[in-house]
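Given next are the chains, with one letter for each unit.
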Amino acid sequence: RVVRAYNAEDFQEARFEEINKTYTVNQRKARHAMALMQPTMTIVNNGLTIAIYCTGAFMIARSANAAEQLGIFAAMVVFSTYASKLLMAFMSLNMIFNMLPRAMVASERINQILDTQPVLKDGPETEGLPGMEGTVEFRNVCYRYPGTGSDALTDISFTAEAGKTTAIIGATGSGKSTLLNLIVRFYDAESGQVLVDGRDVRDYTQKALHDRIGLAPQRAILFTGTVASNVAYGDNGREKVSRKAVEEAVAIAQAKDFVERMEKGYDGDISRGGMNVSGGQRQRLSIARAVARKPEIYLFDDSFSALDYQTDKLLRAELREKTAGVTSIIVAQRIGTIRDADKILVMDEGRIIAEGTHRELMKSCRLYQEIAYTQLSEEDL
């Protein structure tokens, strides 16, 4: 779509043509060489057979008696068979030389994967500390993406208390999504600690850690299947997600109306990547998937951005009511999405520059005020 919108078809075709020509030339050279081998070996084989039979016929014609002729004929047949088998072996060797370069390249690629050592190692723990269920804490956390010259996160310290909602807001590139990814342990902090249920995430097995978390990522991903299979996706370490739980999660995510309008309802088809539903519908199904897990901690990474304001408001109200007592950490760009949070963290260039409630930040944090006034009127605020 981008190619068509920018009239770049000719540019893309030229790129393809250049690569394709190089590939074609190389393939022709290889095919020509291999194509010559087959007739060459056939000519040699047939020529050798003719030479053997001609030589044998000449020797038989010169022999003195029938017994000698019979011996020459038998030797001729045996020699012809051996020669043919020898040439067939060379033809097989030709085929091996044809396949060997491809096999070497393929095996090299496969071995790169097989030889890769996972960077993230499982810890021994599966349980958090007593009385700390649902608590998330950052202690002086720093993180830098490989190959970059500056930290994505610098000296991050805060606590998301159990059963409360913590929101994170800031400019694009301020490190909000990076912070959530450290909780899920998609990568490890370079320094400091990230604690879930009072225990460092590096001490958990990854399965035990993920069982505690319901993640709605920034880019809502759906898989080929049905609505029900997408909402009930994965293993939460407990009982299998029932059909009733799927329907409840869809209702909480404000997706019930459009799901029930689908041709097969909850058994309606979802194409690869969810391309047969809109962006807002994908986000709602992604949120429903997180809710259906019934986790200790919800992580919403800008998961409401494609929703209209009314749906956003209804969805958050349902979440507060139906998932009371569960810790929520919300990354958002909209003030309206996070203004009711128990704590709001304001991030800028990888640092937390302020924290507090909406009212407190409207009085004390200039960046938060600027974001708020660009979205809502003073009266609304």
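Everything here concerns the structure above.
Keep in mind that what you see is a predicted model, and the values were worked out from it rather than measured. (Residues numbered from 1 in each chain as written. Predicted model: local features only at pLDDT ≥ 70, side-chain atom pairs only at ≥ 80, totals over all residues. Heavy atoms only, no water.)

K.L.:
Would you mind going over the environment of Glu 379 with me for this structure?
P.N.:
Structurally, the position occupied by Glu 379 is in the segment after helix H13 (366–375). Each C-alpha atom of the pair Glu 379 and Phe 97 lies 79 Å from the other, and the pair is 282 residues apart in sequence. (Helix = DSSP H or I, 4+ residues; strand = E, 2+ residues; numbered from the N terminus.)

K.L.:
Would you mind showing me how to read unusual backbone geometry here?
P.N.:
Negative phi is the rule for most residues except glycine; trans is the rule for most peptide bonds. Positive phi outside glycine occurs at Arg 185, with the angle close to 65°. Inspection of the secondary structure puts Arg 185 in the loop between helix H4 (176–184) and strand S4 (191–196). Notably, Lys 294 is not glycine yet its phi reads approximately 50°, a positive angle. Among the secondary structure elements, Lys 294 is positioned in the loop between helix H9 (279–292) and strand S9 (297–301).

K.L.:
How should the pattern of salt bridges be read in this particular structure?
P.N.:
Side chains bearing opposite charge may pair, as long as their charged atoms lie close to each other. Counted by the stated rule, this structure contains 15 salt bridges. Close ionic contact of Asp 211 with Lys 207 constitutes a salt bridge, the shortest N to O distance being 3.4 Å. Of this pair, Asp 211 and Lys 207 both sit in helix H5 (residues 206–211), 4 residues apart, roughly one helical turn. The buried category is assigned to Asp 211, whose relative accessible area is 15%. Across the pair Asp 267 and Arg 243 runs a salt bridge whose closest N-O atoms are separated by 3.5 Å. Here Asp 267 is found in the loop between helix H8 (256–261) and strand S8 (269–270), whereas its partner Arg 243 is found in helix H7 (residues 243–252), with 24 residues between them in sequence. Judged by its relative accessible area of 37%, Asp 267 is partly exposed. Each of the salt bridges in this network shares a partner with another, and the network as a whole consists of Glu 127, Asp 197 and Arg 212. (Salt bridge = Lys/Arg side-chain N within 4 Å of Asp/Glu carboxyl O. Buried < 20%, exposed > 50% of the residue type's maximum accessible area, 1.4 Å probe, protein only.)

K.L.:
Help me understand empty space enclosed by the protein, please; the structure alone is not making it clear to me.
P.N.:
Empty space left among the atoms is revealed by rolling a probe the size of a water molecule over them. Summed over the entire model, instances satisfying the criterion amount to 1 cavity of 30 Å³ or more. Computed from the structure, the largest cavity encloses a volume of approximately 30 Å³. In this structure, the largest cavity is lined by Leu 182, Tyr 187, Asp 188, Ala 189, Val 194, Asp 200, Val 201 and Arg 202. Broken down by class, the residue content of the lining of the largest cavity amounts to 5 nonpolar, no polar and 3 charged. (1 Å grid on protein atoms, 1.4 Å probe; cavity = no way out; pocket = protein on both sides within 12 Å on 5 of 7 lines; lining within 4 Å. Points joined across faces, edges and corners; volume = space filled by probe spheres on them. Nonpolar A, V, L, I, M, F, W, Y, C, P; charged D, E, K, R; others polar.)

K.L.:
Would you explain the packing of aromatic side chains in this entry?
P.N.:
The geometry of an aromatic ring pair is captured by the separation of the ring centres together with the interplanar angle, meaning the angle of the planes. Scanning the model with the defined rule gives 7 aromatic pairs in all. A ring pair is formed by Tyr 145 and Tyr 187, whose centres lie 5.7 Å apart and whose planes are at 80°; its orientation type is edge-to-face. Here the residue Tyr 145 occupies a position in the loop between strand S1 (136–143) and strand S2 (153–160), and Tyr 187 occupies one in the loop between H4 and S4, the gap between them amounting to 42 residues. Seen in terms of ring centroids, Phe 223 and Tyr 233 are 4.5 Å apart; in terms of plane orientation they differ by 15°. Their pairing is stacked. Of this pair, Phe 223 sits in the loop between strand S6 (213–216) and strand S7 (225–226) while Tyr 233 sits in the loop between helix H6 (227–231) and H7, and the two are 10 residues apart along the sequence. Counting every residue linked through ring pairs, the aromatic cluster contains Tyr 143, Tyr 145 and Tyr 187. Taking the ring centre of Tyr 309 as reference, the NZ or CZ of Arg 334 above it sits at 4.5 Å. (Phe/Tyr/Trp six-rings, centres within 6.5 Å; stacked < 30°, edge-to-face > 60°. Lys NZ or Arg CZ within 6 Å of the ring centre and 35° of its normal.)

K.L.:
Hey, could you run me through the packing of H7 against H9 in this one?
P.N.:
Two packed helices can be described by the angle between their axes and the distance between those axes. One way to put it is that H7 packs onto H9 with a least axis distance of 8 Å and a crossing angle of 130°. Classified by the interaxial angle, the pair formed by H7 and H9 is oblique. In terms of crossing hand, the pair formed by H7 and H9 is right-handed. Along its contact with H7, which presents Ala 249, Val 250 and Ile 252, the element H9 presents Ala 288, Val 291 and Ala 292. Of the residues belonging to the contact of H7 with H9, the class tally is 6 nonpolar, no polar and no charged. (Axes fitted to C-alpha atoms, helices over the stretch in contact; angles between N-to-C directions. Parallel < 35°, antiparallel > 145°, perpendicular 65-115°, else oblique. Left-handed = near helix turned anticlockwise from the far one by under 90°. Contact = heavy atoms within 4.5 Å.)

K.L.:
Can you walk me through the side chain of Thr 154 in this structure?
P.N.:
Position of Thr 154 among the secondary structure elements: in strand S2. Those residues in contact with Thr 154 that lie beyond four places of it in its chain are Val 141, Cys 142, Gly 350 and Arg 351.

K.L.:
I tried to follow a negative patch on the surface on my own but got confused; where do I start?
P.N.:
Together, Glu 9, Asp 10, Glu 13 and Glu 17 make up a negatively charged patch on the protein surface. Checked against the element boundaries, Glu 17 lands in helix H2 (residues 9–62). Since its relative accessible area comes to 39%, Glu 17 is described here as partly exposed. (Patch = residues over 30% accessible without salt bridge, like charges linked within 9 Å, V, L, I, M, F, W, Y side chains within 5 Å. Areas by Shrake-Rupley, 256 points an atom, 1.4 Å probe, with all protein chains shown as cover. Lys, Arg positive; Asp, Glu negative; His and termini not counted. Charge placed at Lys NZ, Arg CZ, Asp CG, Glu CD.)

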